[in-house]
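Descriptive analysis of the structure
The lines below spell out each chain.
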There are 4 protein chains.
Amino acid sequence: MTEVNGYQQSDNEKKLTILNLPALEAEAKKIIPTGGFGYIVGGAEDDWTLRQNTLAFQHAQIVPKALSNIESPDLSTQIFGIDLKTPVMMAPAAAQGLAHSQGEKATAKGVAAVGGLMSQSTYSSTSIADTAAAAPGAPQFFQLYMSKDWDFNYSLLDEAVKAGVKGIILTVDATVDGYREQDIINNFQFPIPMANLEKFSAGDGKGKGIGEIYASAAQKIGEDDVRRIAEYTKLPVIVKGIESPEDALRAIGAGASGIYVSNHGGRELNGGPAAFDVLPSIAKAVNHQVPIIFDSGVRRGSHVFKALAAGADLVAFARPVLYGLALGGAQGVQSVFEQIDHEFEIVMQLAGTKTIADVKQAPLTHFNYQD
Amino acid sequence: MTEVNGYQQSDNEKKLTILNLPALEAEAKKIIPTGGFGYIVGGAEDDWTLRQNTLAFQHAQIVPKALSNIESPDLSTQIFGIDLKTPVMMAPAAAQGLAHSQGEKATAKGVAAVGGLMSQSTYSSTSIADTAAAAPGAPQFFQLYMSKDWDFNYSLLDEAVKAGVKGIILTVDATVDGYREQDIINNFQFPIPMANLEKFSAGDGKGKGIGEIYASAAQKIGEDDVRRIAEYTKLPVIVKGIESPEDALRAIGAGASGIYVSNHGGRELNGGPAAFDVLPSIAKAVNHQVPIIFDSGVRRGSHVFKALAAGADLVAFARPVLYGLALGGAQGVQSVFEQIDHEFEIVMQLAGTKTIADVKQAPLTHFNYQD
Amino acid sequence: MTEVNGYQQSDNEKKLTILNLPALEAEAKKIIPTGGFGYIVGGAEDDWTLRQNTLAFQHAQIVPKALSNIESPDLSTQIFGIDLKTPVMMAPAAAQGLAHSQGEKATAKGVAAVGGLMSQSTYSSTSIADTAAAAPGAPQFFQLYMSKDWDFNYSLLDEAVKAGVKGIILTVDATVDGYREQDIINNFQFPIPMANLEKFSAGDGKGKGIGEIYASAAQKIGEDDVRRIAEYTKLPVIVKGIESPEDALRAIGAGASGIYVSNHGGRELNGGPAAFDVLPSIAKAVNHQVPIIFDSGVRRGSHVFKALAAGADLVAFARPVLYGLALGGAQGVQSVFEQIDHEFEIVMQLAGTKTIADVKQAPLTHFNYQD
Amino acid sequence: MTEVNGYQQSDNEKKLTILNLPALEAEAKKIIPTGGFGYIVGGAEDDWTLRQNTLAFQHAQIVPKALSNIESPDLSTQIFGIDLKTPVMMAPAAAQGLAHSQGEKATAKGVAAVGGLMSQSTYSSTSIADTAAAAPGAPQFFQLYMSKDWDFNYSLLDEAVKAGVKGIILTVDATVDGYREQDIINNFQFPIPMANLEKFSAGDGKGKGIGEIYASAAQKIGEDDVRRIAEYTKLPVIVKGIESPEDALRAIGAGASGIYVSNHGGRELNGGPAAFDVLPSIAKAVNHQVPIIFDSGVRRGSHVFKALAAGADLVAFARPVLYGLALGGAQGVQSVFEQIDHEFEIVMQLAGTKTIADVKQAPLTHFNYQD
């Protein structure tokens with residue numbers, strides 16, 4: 001353990017033996033301090049949307065194709081011309097120093113080890129440059145929480161471009177912090193500085209609650225912001241936090257090169273639908289104009305399959321990765337991705353799908369199951 | 001504590017630290033005597049409709065509008081030309097002396113402190129004049145449980161008009177008391193007089209059960225009564241307890257200036273639908289001819305949003321307010337309203353809605369969730 | 001207690017204080033011997049249909065009529081010209097000596113005390129004549145479990161006619177005993193003779209299991225049997241155990257004067273629908289050609305209302321009555337009927353329905369609730 | 001008990017007293033060693049599809065035919081000209097030596113005793129010839145897990161033909177082992193050799209996990225394989241693991257003489273629909289061109305009825321049989337079949353169906369029940 005400002009950070013570094021990703025939560029809870037764990041695990045209000053996110057995968061069922069004459073499924077895919085060995089990517093997640101002393105650097109290494117795509121959060125514990133340098137040559141996206149201060153935004157985007165990121169994820173569903181009861185119960189304040197905020201006039205976030213952090217960010221985010229970032233960076237801008245077909249089309253109209261369907265893992269607006277449930281109508285509206293990334297609730301190989309079959313091009317997740325990070329550092333992250341890839345590969349074979357393209361065209365049924 | 005006729009009334013007066021409104025119930029149970037608490041918390045028969053009232057908010061989901069470019073949502077609204085700082089109002093609730101020695105006077109003060117709308121019950125522990133005087137200048141409605149004796153009705157209405165109330169809520173869904181098992185188990189009788197009944201031939205209610213109280217009231221309530229009250233008071237009459245489009249239109253035809261969709265918090269007819277589920281069809285039928293007030297089951301900011309988006313103009317609640325009243329008097333009431341307003345404001349921002357008018361036009365989805 | 005063949009029969013005789021009918025089961029379990037209680041309470045296979053019977057009342061919801069200007073609801077109704085003070089009747093139930101030493105005689109008295117309709121089972125503990133004589137002048141039906149031996153059938157029908165019964169209920173849904181696990185677990189055999197079987201060649205049932213009893217009865221029951229009984233008795237024949245519109249029409253075609261929608265309280269065929277769910281389509285098909293009696297799952301006043309609104313003319317139940325019988329004899333039976341009538345009367349008033357005819361025309365909604 | 005390679009095999013041989021088949025699981029768990037029991041009981045991932053398999057029978061309900069004038073239902077039926085005394089057959093199940101020292105030989109005897117159809121698995125503990133010889137003259141099918149090595153496949157098929165099997169079941173839904181967490185938790189490896197694999201180049205399976213066993217088998221299975229097996233054996237080939245109408249038609253086009261609707265008891269692909277839910281659409285597409293066998297989740301007589309009424313010609317199950325095998329050997333297997341036949345016969349009588357043909361034409365309703 002490494003102690004920083006009274007907070008005990010894990011410095012584990014080992015491969016994990018994983019039965020399944022849901023089981024990691026209880027293990028991680030033992031080693032992540034209460035405040036940090038509550039920040040990671042919690043959702044908004046009474047966690048209703050958070051719970052539905054995972055339960056909603058039961059709303060669609062995989063129809064296996066028999067006699068498909070395939071073997072050795074191939075998980076590799078592409079986005080914006082980037083070759084990936086797996087369609088499962090790391091979702092942007094703040095403050096990974098809460099889980100491990102190496103923070104995002106370890107996550108980046110673990111993700112690179114499986115040939116996946118890393119995304120960095122604006123609110124990372126480690127800096128854009130450091131996280132990028134931790135996995136040289138591996139593809140990364142940078143996620144932007146827009147500041148009211150455009151000088152600051154430009155400065156971050158400059159760093160991201162300089163670090164070689166392949167795309168900008170603009171988060172638009174968190175213009176204020178969700179009503180997160182775990183953080184209130186724990187009176188949680190970030191014990192660890194956010195590296196990217198150090199040059200930010202409002203300070204580095206240390207000793208602040210998430211509410212204060214968000215208050216320093218922009219509440220007003222509009223279509224012009226998408227255009228501005230795209231023009232400034234010349235990078236693909238993916239708008240994250242889309243939950244309706246109308247918004248997906250407006251984002252594309254505003255210059256988005258990608259749509260990121262998500263409800264922020266149930267951490268922002270409670271009482272909205274499960275992300276998986278809104279995916280099909282959005283995919284239909286987008287109609288392959290731009291790629292779609294999906295997150296919120298993904299825990300199983302079968303979830304990855306269902307999300308791709310429902311219209312996603314990449315599938316992201318974060319909480320289980322942070323648990324793996326706490327339990328095993330970079331290798332723990334790698335173990336988490338290997339586990340979900342392993343489960344997903346089995347599902348691909350059993351469903352009779354050889355490639356990710358096959359998965360995307362696989363049919364789903366929609367019987368109504370209750371539990 | 002103040003003891004009245006052997007009943008221990010809270011006389012707390014303090015701001016409350018509230019995590020969420022559902023959590024208040026257990027706290028309040030500790031300080032409200034069993035009989036009074038049972039009277040407040042209970043529903044009819046096996047509480048099925050009561051439970052569905054809150055669960056039904058899961059039947060509709062909020063579709064956030066991304067890239068909406070808004071900040072600082074504005075909760076202010078109007079009804080009958082009255083300016084309100086919040087669309088959340090106090091539902092009429094009887095016998096608030098059960099929760100606090102200051103009864104409705106404290107509630108009125110707390111509601112006024114947030115710029116909300118108070119409604120007084122016929123069966124109040126404090127008189128119309130006293131409750132009105134507790135919050136001078138603040139808007140109040142008076143709720144009428146019609147007596148068989150029109151002299152008595154006129155007398156009450158006269159007092160209400162004199163006290164300056166802005167509207168009359170005529171309750172039509174409680175022509176006999178619901179089968180409330182909590183009251184039977186506790187053999188509950190009102191320990192505290194009902195101030196407005198003191199001049200009533202049947203007595204002030206003290207030492208009576210709710211069945212006896214209702215028996216003294218009118219069972220027959222018809223369209224003519226709406227007209228009669230409207231003509232007599234020249235005030236807007238809002239008919240409370242409407243659960244179908246047909247009845248809403250009939251009430252309007254009979255002179256109602258407002259419709260109050262409610263199933264009396266599940267306290268009267270058990271086995272009817274959740275109030276939230278019948279709201280959209282009623283709103284469609286009413287078609288903005290008159291404003292719609294909604295109550296039954298509201299506990300969260302997201303519930304307020306959903307009720308407005310489903311057709312309500314104001315959203316009322318009572319039980320959590322009574323718990324706040326018991327725990328903190330007028331300040332406790334204020335804390336309860338501030339909590340739900342705070343949650344609601346977050347939801348407004350995250351949903352991309354700047355004004356109450358925006359909320360009323362926000363779309364809802366209707367995926368079928370089970371828990 | 002009265003001991004008969006080692007079986008302890010209750011001989012209670014008192015009015016009961018009842019909170020609600022579901023709560024009676026636990027009370028009754030304390031005084032009815034295990035085997036007898038298991039026989040009464042149990043259903044077939046895993047009790048799935050039994051459970052759905054009561055849960056299904058949640059599939060329809062009462063839409064109250066506001067401003068209906070009514071008071072003092074009138075529960076009286078008629079069937080086959082018989083005046084009844086309540087639409088709630090006693091379903092035929094075997095072997096009531098299991099619950100009380102006075103058996104069906106006490107039940108008949110209790111039912112008569114509320115002005116309701118009694119039905120006697122072929123497998124009664126007391127004889128047709130004795131049960132009829134216990135409540136002189138009160139209306140009764142006789143339920144026939146057809147024997148293979150028509151001399152025996154005619155003999156029973158002769159007795160019933162002689163005793164003045166007003167109708168014959170022919171049970172057709174029990175041509176073999178359901179797979180009742182409670183009886184198997186308890187190795188249950190009837191400790192008490194069945195009076196009507198004493199002249200039956202197969203014996204009086206004492207010391208036999210229900211399987212043996214049914215084995216002595218007719219398995220083949222067809223349309224001709226309906227005609228034969230109607231012609232022989234000149235009484236209305238009500239065919240009991242109808243679960244589809246087709247069968248209702250066939251029964252009418254075969255001479256039935258009434259349809260009895262029931263799945264035998266979940267005691268015969270498990271895996272069929274809840275009786276309440278099939279009622280509307282049957283009522284639509286029958287289209288008032290003949291009256292419809294309904295049972296299976298009724299426990300609340302709101303259930304009575306819903307069954308009538310869904311198409312029934314009379315609503316029957318048995319298990320709660322048997323619990324009341326065990327706990328209080330004839331007066332206990334009376335208390336059970338008074339309780340459900342009381343709840344039902346409240347529902348009628350709150351729903352805005354003055355008469356049973358109004359209830360039958362009351363609308364129901366069908367929102368999908370889960371619990 | 002017989003100890004083989006440190007594994008304790010039951011050698012019980014007795015008739016069982018069975019309340020119901022679900023209750024057998026707990027009994028069997030007491031005598032089957034943990035690893036073997038986990039292998040038998042477990043499903044894939046979180047067992048969701050496994051659980052839905054049985055719950056899904058609640059999605060359809062039996063509509064009894066009243067006044068049907070039938071008695072003594074006849075359970076006999078035919079498939080491919082084979083006379084059977086029951087439509088309930090033994091599903092192919094691997095490694096029955098885990099449950100009993102006599103393995104498939106005892107199962108075959110027990111199945112023959114009720115006049116049912118046995119199917120042998122490629123991965124049987126006893127050889128094709130021995131299992132066939134255990135029940136001389138009784139009908140059996142042989143289930144093939146295709147090897148990559150066609151010499152081996154031909155050799156197995158030769159043995160099967162020589163042993164007189166009446167059909168070949170080709171399993172196509174297990175081209176890799178499902179993600180079975182029970183086996184991972186128990187680090188399960190087969191303690192007992194698989195007799196049919198002894199001449200297989202990859203060894204007899206002893207000391208291997210199911211993953212290794214499947215790895216030696218063919219992953220690529222296509223339409224040509226169906227044709228090849230049919231032509232080689234001249235026997236009916238039944239393709240097992242069909243879950244969609246499209247695949248059923250393709251299998252028939254490839255020469256299948258029968259369709260076997262199954263999701264492998266939830267042991268392979270998790271996240272697919274319950275087998276019972278896909279049966280009606282497949283039956284409609286197949287339209288009686290070839291017979292349909294159904295398994296996955298069958299535990300009750302009412303389940304057998306529903307599967308036949310939904311389109312199956314035979315209904316198979318395995319887990320309860322293995323529990324009966326462990327508890328009572330051949331006689332235990334016989335007891336299990338007698339129990340489900342007994343329940344099914346009661347359901348047939350109560351549903352008013354005299355023959356299996358009647359059952360196949362019986363209507364089902366589809367009310368939406370939650371539990």
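One structure accompanies this document, and this report is about it. Because the structure is predicted, anything quoted here is derived from the model rather than measured.

A word on the packing of aromatic side chains. A full pass over the atoms with the stated rule returns 56 aromatic pairs over all chains. Aromatic side chains F317(B) and F337(B) sit 5.4 Å apart centroid to centroid with 85° between the ring planes, which places their arrangement in the edge-to-face category. With F317(B) in strand β13 (residues 314-317) and F337(B) in helix α13 (residues 319-351), this pair connects stretches of sequence that are 20 residues apart. Across the pair, F337(B) and F317(B) agree in class, each one buried. Taken together, a centroid distance of 4.4 Å and an interplanar angle of 15° make the contact between Y123(D) and Y145(D) stacked. One end of the pair, Y123(D), is in the loop between β7 (118-120) and α5 (128-133); the other, Y145(D), is in the loop between β8 (140-144) and α6 (150-163), with 22 residues separating them in the sequence. With respect to burial, Y123(D) and Y145(D) carry one shared label: buried. Through pairs of rings, three or more aromatic residues link up here, namely Y39(A), F188(A) and F190(A). The cationic tip of K240(B) hangs over the ring face of Y260(B); the distance from NZ or CZ to the ring centre is 5.2 Å.

Right, let's get into unusual backbone geometry. The phi dihedral of L67(C) is positive, around 55°, even though this residue is not glycine. Tracing the chain through its elements places L67(C) in the loop between β3 (61-62) and β4 (77-79).

Turning to the interface of chain A and chain D, a few remarks are in order. On the side of chain D, 44 residues touch chain A, which itself brings 33 residues to the contact. The interface formed by chain A and chain D holds 1 salt bridge in total. Across the pair E181(D) and R300(A) runs a salt bridge, and its minimum N-O distance is 2.7 Å. Linking chain A with chain D are 16 residue pairs in polar contact (both at pLDDT 80 or more). Contributing elements (two or more residues each) for the side of chain A that touches chain D: β3 (61-62), α12 (301-309) and α13 (319-351) of chain A. Examining the composition of the side of chain A that touches chain D, we find that 7 residues originate from one element, α13(A), more than from any other. Its residues assigned to classes, the side of chain A that touches chain D shows 14 nonpolar, 13 polar and 6 charged.

Now for the sheet that holds strand β6 (residues 88-90) of chain C. Two pairing modes exist for strands in a sheet, parallel and antiparallel, and in both the strands are linked by backbone hydrogen bonds. Residues and elements named next belong to chain C. With respect to topology, 8 strands assemble into an open sheet ordered β6-β13-β12-β11-β10-β9-β8-β7, the strand pairing being parallel. With partners counted over all chains shown, the strands left at the sheet margins are β6 and β7 (118-120), one partner each. Each neighbouring strand pair of the sheet contributes to a mean axis angle of 30°, computed without reference to strand direction. Bridging between β7 and strand β8 (residues 140-144) involves 3 bridges; their strand directions are parallel.

A few words on the environment of G164(C). As for its position among the elements, G164(C) is in the loop between α6 (150-162) and β9 (167-171). Sequence separation between G164(C) and F142(C) is 22 residues; the distance between their C-alpha atoms is 9.6 Å.

Quick look at the packing of helix α10 (residues 245-253) of chain C against helix α11 (residues 275-286) of chain C now. Residue and element names in this part refer to chain C. Where α10 contacts α11, the two axes come as close as 8 Å, and the packing angle between them is 40°. In terms of axis orientation, α10 runs oblique to α11. Of the two possible hands of crossing, α10 and α11 adopt the one that is right-handed. On α11, the residues touching P245, A248, L249 and I252 of α10 are S281, I282, A285 and V286. Classifying every residue of the contact of α10 with α11 gives 7 nonpolar, 1 polar and no charged.

The next point concerns the packing of helix α1 (residues 24-31) of chain D against helix α13 (residues 319-351) of chain D. The geometry of a pair of packed helices is captured by two quantities: the angle between their axes and the separation between those axes. Residues and elements named next belong to chain D. Contact pair α1 / α13: the axes reach a minimum separation of 7 Å and the direction vectors enclose 100°. Taken together, the axes of α1 and α13 are roughly perpendicular relative to one another. Touching L24, E25, E27, A28 and I31 of α1 are P320, Y323, G324, A326, L327 and V336, all from α13. When its residues are assigned to classes, the contact of α1 with α13 shows 8 nonpolar, 1 polar and 2 charged.

Another point: the sheet that holds β13(B). Residues and elements named next belong to chain B. The sheet built from 8 strands is open, its strands ordered β6-β13-β12-β11-β10-β9-β8-β7 with parallel pairing. Each of the sheet's edge strands pairs with one partner strand only, and the pair in question is β6 (88-90) and β7 (118-120). The average angle at which neighbouring strand axes cross in this sheet is 30°, direction not considered. Of the pairings in the sheet, the one linking strand β11 (residues 258-261) to strand β12 (residues 292-294) comprises 3 bridges and is parallel in character. Bridge pairing links Y260 to I293 in β12.

For the pair chain B and chain C, the best superposition has an RMSD of 0.0 Å and corresponds to a rotation of 90° with a translation of 0.0 Å parallel to the axis. On the angle and the small slide along the axis, the relation comes out as a four-fold axis. Relative to the rotation axis, the C-alpha of Q370(B) is the closest in chain B, positioned 4.6 Å from it. Mapped onto chain C, only 7% of the interface residues of chain B are again interface residues, and the two copies thus contact each other with different surfaces.

Core analysis: the biggest nonpolar cluster contains 134 residues, and I168(B), I259(B), F294(B) and F305(B) have the highest contact counts within it. No other element matches the 17 residues that α13(B) contributes to this core. In this view, I259(B) contacts I238(B), V239(B), I242(B), A248(B), A251(B), I252(B), I282(B), V286(B), V290(B), P291(B), I292(B) and I293(B); residues no more than four positions away in its chain are not counted. Grouped together as the second largest cluster of nonpolar side chains are 133 residues, A66(A), A56(D), A160(D) and I168(D) included.

Let us now look at the relation of the copies chain A and chain D. Between the two copies, chain A and chain D, the superposition gives an RMSD of 0.0 Å; the rotation angle is 90° and the shift along the axis is 0.0 Å. Of the residues that chain A buries at the interface, just 9% are likewise interface residues in chain D, meaning the two copies contact each other through different surfaces.

Thresholds, definitions, all that
- Chains are numbered independently. Their residues run from 1 in the order of the written sequence.
- Note on labels: chains are lettered from A, ligands numbered from 1, in written order.
- This being a predicted model, a pLDDT of at least 70 is required before a residue's local features are given, and a value of 80 or more before pairs of side-chain atoms are given or counted; all residues contribute to the totals for chains, interfaces and linings.
- Side-chain numbers here rest on the full set of heavy atoms in the structure, without hydrogens or water.
- Two rings from Phe, Tyr or Trp (for Trp, the six-membered ring) form a pair when their centres are within 6.5 Å of each other. A pair whose planes differ by under 30 degrees is stacked, one over 60 is edge-to-face, and the rest are tilted.
- Helix and strand assignments come from DSSP, with helices taken as H or I runs of at least 4 residues and strands as E runs of at least 2, each series counted from the N terminus.
- Accessible area is worked out with a 1.4 Å probe on protein chains only. A residue is then buried under 20% of its type maximum, exposed over 50%, and partly exposed in between.
- Throughout this description, the term charge over a ring refers to an Arg CZ or Lys NZ atom that lies within 6 Å of the ring centre and within 35 degrees of the ring normal.
- Here, residues are in contact when the closest pair of their heavy atoms is within 4.5 Å.
- By salt bridge we mean one thing: a side-chain nitrogen of Lys or Arg within 4 Å of a carboxyl oxygen of Asp or Glu.
- The term polar contact refers here to a pair of N or O atoms within 3.5 Å; inside protein, the definition further demands a hydrogen-donor-capable atom paired with an acceptor-capable atom, and it admits residues adjacent in sequence only when both atoms are side-chain atoms.
- Side-chain classes are defined by residue name, with Ala, Val, Leu, Ile, Met, Phe, Trp, Tyr, Cys and Pro counting as nonpolar, Asp, Glu, Lys and Arg as charged, and the others, Gly among them, as polar.
- Pairing between two strands requires that DSSP report at least two bridges joining them.
- Geometry is summarised by axes, namely lines fitted to C-alpha atoms with helices restricted to the contacting stretch, and by angles between N-to-C directions that run from 0 to 180 degrees.
- Roughly parallel covers angles under 35 degrees, roughly antiparallel covers those over 145, roughly perpendicular covers 65 to 115, and oblique covers all other angles.
- A clockwise turn of the near helix away from the far one marks a right-handed crossing, whereas an anticlockwise turn of less than a right angle marks a left-handed crossing.
- Least-squares fitting of one copy onto the other uses the C-alpha atoms of those residues that reach a pLDDT of at least 70 in both copies.
- For the purposes of this section, nonpolar cores are sets of buried Ala, Val, Leu, Ile, Met, Phe, Trp, Tyr and Cys residues that join through side-chain atoms within 4.5 Å.

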